[in-house]
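# Breakdown of the fold
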Amino acid sequence: MSRIGRMPIAVPAGVTVEIAENNKVTVKGPKGTLVRVLPAEMDIKQEGSEIIVSRPNDLKKMKSLHGLTRTLIHNMVVGVTDGYEKKLEINGVGYRAQKQGKKLVLSLGYSHPVEMEDPEGLETVLDGTNIIIVKGISKEAVGQYAAEIRAKRAPEPYKGKGIKYSDEVIRRKVGKTGKK
């Protein structure tokens with residue numbers, strides 16, 4: 001049986017979980033509300049302050065959906081209690097970020113500044129001029145927006161210039177050597 005799928009999900013105090021028909025799960029917590037429709041084949045039950053996900057049979061598809069469904073619900077519970085954040089670092093001479101209201105303005109060596117509007121439910125916070133922190137309650141949305149920011153100038157392997165995740169390691173390459 002799926003090791004992750006059979007683990008119960010603890011629902012902390014102050015969080016309410018509602019399971020409607022067609023496995024529409026609504027999680028309300030101190031930071032907000034998340035709604036998601038999960039695979040209808042999975043059986044999601046609330047027992048006291050725990051949620052248990054079980055699968056109908058042992059087909060390969062059901063096995064793979066089992067762990068996924070449990071993890072998605074767990075991520076929703078963590079999101080409404082603690083929230084998620086991703087840290088991005090900007091490396092490079094003259095590369096910087098600024099905040100103008102809900103707009104993130106990036107100077108990345110292009111002929112124009114790159115402007116990005118914060119999506120609904122997410123916020124970007126600047127730590128100095130070269131660290132961007134993306135915060136939100138949905139793990140998926142935080143990761144997606146952080147990836148979109150990184151894609152504006154992905155790090156290059158020769159000088160390491162660009163936007164990288166704070167925990168990302170850039171494999172550096174050796175540049176050209178002159179003739180002898």
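Residues numbered from 1 in each chain as written. Predicted model: local features only at pLDDT ≥ 70, side-chain atom pairs only at ≥ 80, totals over all residues. Heavy atoms only, no water.

Once that is clear, we can look at unusual backbone geometry. The phi angle at N22 is positive, at roughly 60 degrees, despite the residue not being glycine. Relative to the helices and strands, N22 is located in the loop between strand 2 (16–20) and strand 3 (24–29). Within the chain, N23 stands out as a residue other than glycine whose phi angle is a positive 55 degrees. If you trace the backbone, N23 turns up in the loop between strand 2 and strand 3. (Helix = DSSP H or I, 4+ residues; strand = E, 2+ residues; numbered from the N terminus.)

The subject of this paragraph is the environment of K31. When you line up the elements, K31 lands in the loop between strand 3 and strand 4 (32–37). Residue class for K31 comes out partly exposed when judged on its relative accessible area of 49%. C-alpha separation for the pair K31 and D82, spaced 51 residues apart in sequence, amounts to 7.6 Å. Dropping the residues within four chain positions of it, K31 is found in contact with G79, V80, T81, D82, G83 and I137. (Buried < 20%, exposed > 50% of the residue type's maximum accessible area, 1.4 Å probe, protein only. Contact = heavy atoms within 4.5 Å.)

Here we come to the sheet that holds strand 5 (residues 43–47). Strands sit in the order 1-6-5 across an open sheet of three strands; the sheet is antiparallel. Two strands close off the open sheet at either side, each with one partner strand: strand 1 (9–10) and strand 5. The pairing of strand 5 with strand 6 (residues 50–54) spans five bridges and is classified as antiparallel. Across the sheet, residue Q46 finds its bridge partner in strand 6, namely I51. Across the sheet, helix 1 (residues 60–81) lies against strand 1, strand 5 and strand 6, angled at about 160 degrees from strand 6, the strand it touches most. (Pairing = 2+ DSSP bridges. Axes fitted to C-alpha atoms, helices over the stretch in contact; angles between N-to-C directions.)

What follows deals with the packing of aromatic side chains. One pass over the structure, following the stated rule, counts zero aromatic pairs. When the ring centre of Y165 is taken as origin, the NZ or CZ atom of K86, which lies over that ring, is 5.2 Å away. The lysine or arginine in question, R153, covers the ring of Y110, its NZ or CZ lying 4.3 Å from the ring centre. (Phe/Tyr/Trp six-rings, centres within 6.5 Å; stacked < 30°, edge-to-face > 60°. Lys NZ or Arg CZ within 6 Å of the ring centre and 35° of its normal.)

Relative to the elements of secondary structure, K159 occurs in the loop between helix 2 (139–151) and strand 13 (162–165). Considering only alpha carbons, one finds K159 and I170, eleven residues apart in sequence, at a separation of 9.8 Å.

Remember that the coordinates give geometry; whether it matters functionally is a separate question.
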